[in-house]
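So you can see what is in the structure, the chains are spelled out below.
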Amino acid sequence: MKLYGYWRSSASYRVRIALNLKRAAYEQVPVHLVKQEQFSPDYLALSPSGVVPALVTDDGRVLLQSLAICEWLDETVSGPNLLPDNEYDRARTRAIAQLIACDVHPLGNTRVQAYLRAEMGQDDARMTAWLHKWITTGLAAVEAMIEGSTRFAVGNRASLADICIVPQLYNARRFSVDLTPYPKLLAIDEEAARQQPFIDAAPERQPDAPPP
Ligand SMILES: N[C@@H](CCC(=O)N[C@@H](CS)C(=O)NCC(=O)O)C(=O)O
């Protein structure tokens, strides 16, 4: 499989974690978002909306949208399940994943930030306020959705929820968001930081990450 992604992209990070949890072999094809490689004709032929990630399967089919890719991996690749066994927990897992992927992440996307700056005249301070507003609103909701004290967001096994939480926390730190109001999320992050699939998926460990 070939994963088209970018080292610092949260959506690519999600798929890397899922691939690693499944112990699936994959090759990475970097798409440099800052150099706008996502808008090259070759990449747009793969991903018409011009976003990463895209996963090209061994038989040449193209899969798009990180959550859809993770669910496809769960259905087709053996290894630990990325969704819990019972319906209620699966719904909770998807709710957390979708809250992050659909309600929070798009508001801070590269193209949204570029538009707010260039077309709406927003400066650094207002951009930071915008990003903090939506990241903190989302993280507070996810913190409140976590029931009990389990090692991961839903139960004691990493799931699609954690696959979304960990990259979102990375993104929040990148924009200097104070994470102390979210102790449950920080505990999940600490647990994930001890597990090799999450460690290997970290942005700084990717082949296209700049040297430290
Ligand atoms: N909903 C999509 C989001 C993909 C997405 O927005 N990716 C970002 C990087 S995290 C991107 O490619 N942005 C490029 C841009 O905004 O121009 C998914 O989950 O795959």
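Here, residues in each chain are numbered from 1, in the same order as that chain's written sequence. Predicted model: local features are reported for residues with pLDDT of at least 70 only, side-chain atom pairs are reported and counted for 80 or more only, and whole-chain, interface and lining totals are derived from all residues.

Draft legend 1. Representation of helix H4 (residues 87-104) within the structure. Comment: elements are numbered from the N terminus, with helices defined as DSSP H or I runs of at least four residues and strands as E runs of at least two. For a helix, the expected span equals 1.5 Å multiplied by the residue count minus one. Its 18 residues place the ends of H4 24 Å apart at the C-alpha level, agreeing with the 26 Å of an ideal helix rising 1.5 Å per residue. One axis fitted to the seven residues ending at a residue, another fitted to the seven starting there: the angle between these axes is the bend at that residue. The largest bend along H4 reaches roughly 30° and is located at Gln 98. Every buried residue of H4 is listed here: Arg 92, Thr 93, Ile 96, Ala 97, Leu 99, Ile 100, Ala 101 and Val 104. C-beta atoms are placed from the backbone for every residue, and two residues are taken to be in contact when these atoms lie within 7 Å. Buried residues belonging to H4 abut helix H3 (66-76), helix H6 (124-145) and helix H7 (160-174). A residue is called partly exposed when the number of other C-beta atoms within 10 Å of its own lies between 12 and 20, exposed at 12 or fewer, and buried at 20 or more, with C-beta atoms placed from the backbone.

Draft legend 2. Representation of the site of the ligand in the model. Residues are classed as near a molecule or strand if the C-beta position derived from their backbone is within 6 Å of it. Taken together, 16 residues surround the ligand, and among them Ser 9, Val 51, Ser 66, Thr 110 and Arg 111 come closest. Those elements that provide at least two residues to the shell around the ligand are helix H1 (10-21), H3 and helix H5 (110-118). For the shell around the ligand, the per-class residue count stands at seven nonpolar, eight polar and one charged. Two domains each put at least three residues into the shell around the ligand: domain 1 (2-80) and domain 2 (87-198). Throughout, the ten residues Ala, Val, Leu, Ile, Met, Phe, Trp, Tyr, Cys and Pro are labelled nonpolar, Asp, Glu, Lys and Arg are labelled charged, and all others, Gly among them, are labelled polar. Domain segmentation is taken from an automatic or database assignment of domains.

Draft legend 3. Broad picture of the packing of H7 against helix H8 (residues 183-192). Running from N to C, H7 and H8 cross one another at 100°; their axes reach a closest spacing of 10 Å. Considering the angle they form, H7 stands roughly perpendicular to H8. Between H7 and H8, the residues in contact are Asp 162, Ile 165, Val 166 and Leu 169 and Leu 185, Ile 188, Asp 189 and Ala 192, respectively. Of the residues that constitute the contact of H7 with H8, the class distribution is six nonpolar, no polar and two charged. Axis definition: a line fitted to C-alpha atoms, over the contacting stretch in the case of helices. Angles run 0 to 180 degrees between N-to-C directions. Each angle is binned into one of four classes, with values under 35 degrees roughly parallel, values over 145 roughly antiparallel, values of 65 to 115 roughly perpendicular, and all other values oblique.

Draft legend 4. Quick look at the pairing of strand E1 (residues 2-5). Pairing of E1 with strand E2 (residues 27-30), which is carried by four bridges, proceeds in the parallel orientation. Bridged to Gly 5 within E2 is Pro 30. Where the polypeptide runs from E1 across H1 and back to E2, its parallel neighbour, the crossover connection is right-handed. In short, DSSP must find at least two bridges between two strands for them to pair. Taken together, the three bridges between E1 and strand E3 (residues 54-56) define a ladder with antiparallel strand orientation. Note on E3: the bridge partner recorded for Tyr 4 is Ala 54. Note on handedness: a clockwise path from strand one over the helix to strand two, with the strands aimed away from the viewer, defines a right-handed crossover.

Draft legend 5. Quick peek at the domain arrangement of the protein chain. Here the protein chain is described as being made up of domain 1 (2-80) and domain 2 (87-198). If you average the C-alpha positions of domain 1 and of domain 2, the two centres end up 19 Å apart. The partner domain 2 presents 16 residues to the 12 residues of domain 1 that form the contact. Looking at the side of domain 1 that touches domain 2, the elements that each hand over two or more residues are H1 and H3.

Draft legend 6. Up close: H8. All buried positions along H8 are accounted for by Leu 185, Ile 188 and Ala 192. Seen from one end, H8 has its buried residues packed into an arc of 60°, which puts them on one side. In H8, those exposed residues whose orientation departs by more than 90 degrees from the buried face are Pro 183 and Glu 190. Against the buried residues of H8 lie H6, H7 and helix H9 (196-201). Comment: arc refers to directions from the helix axis out to C-beta atoms.

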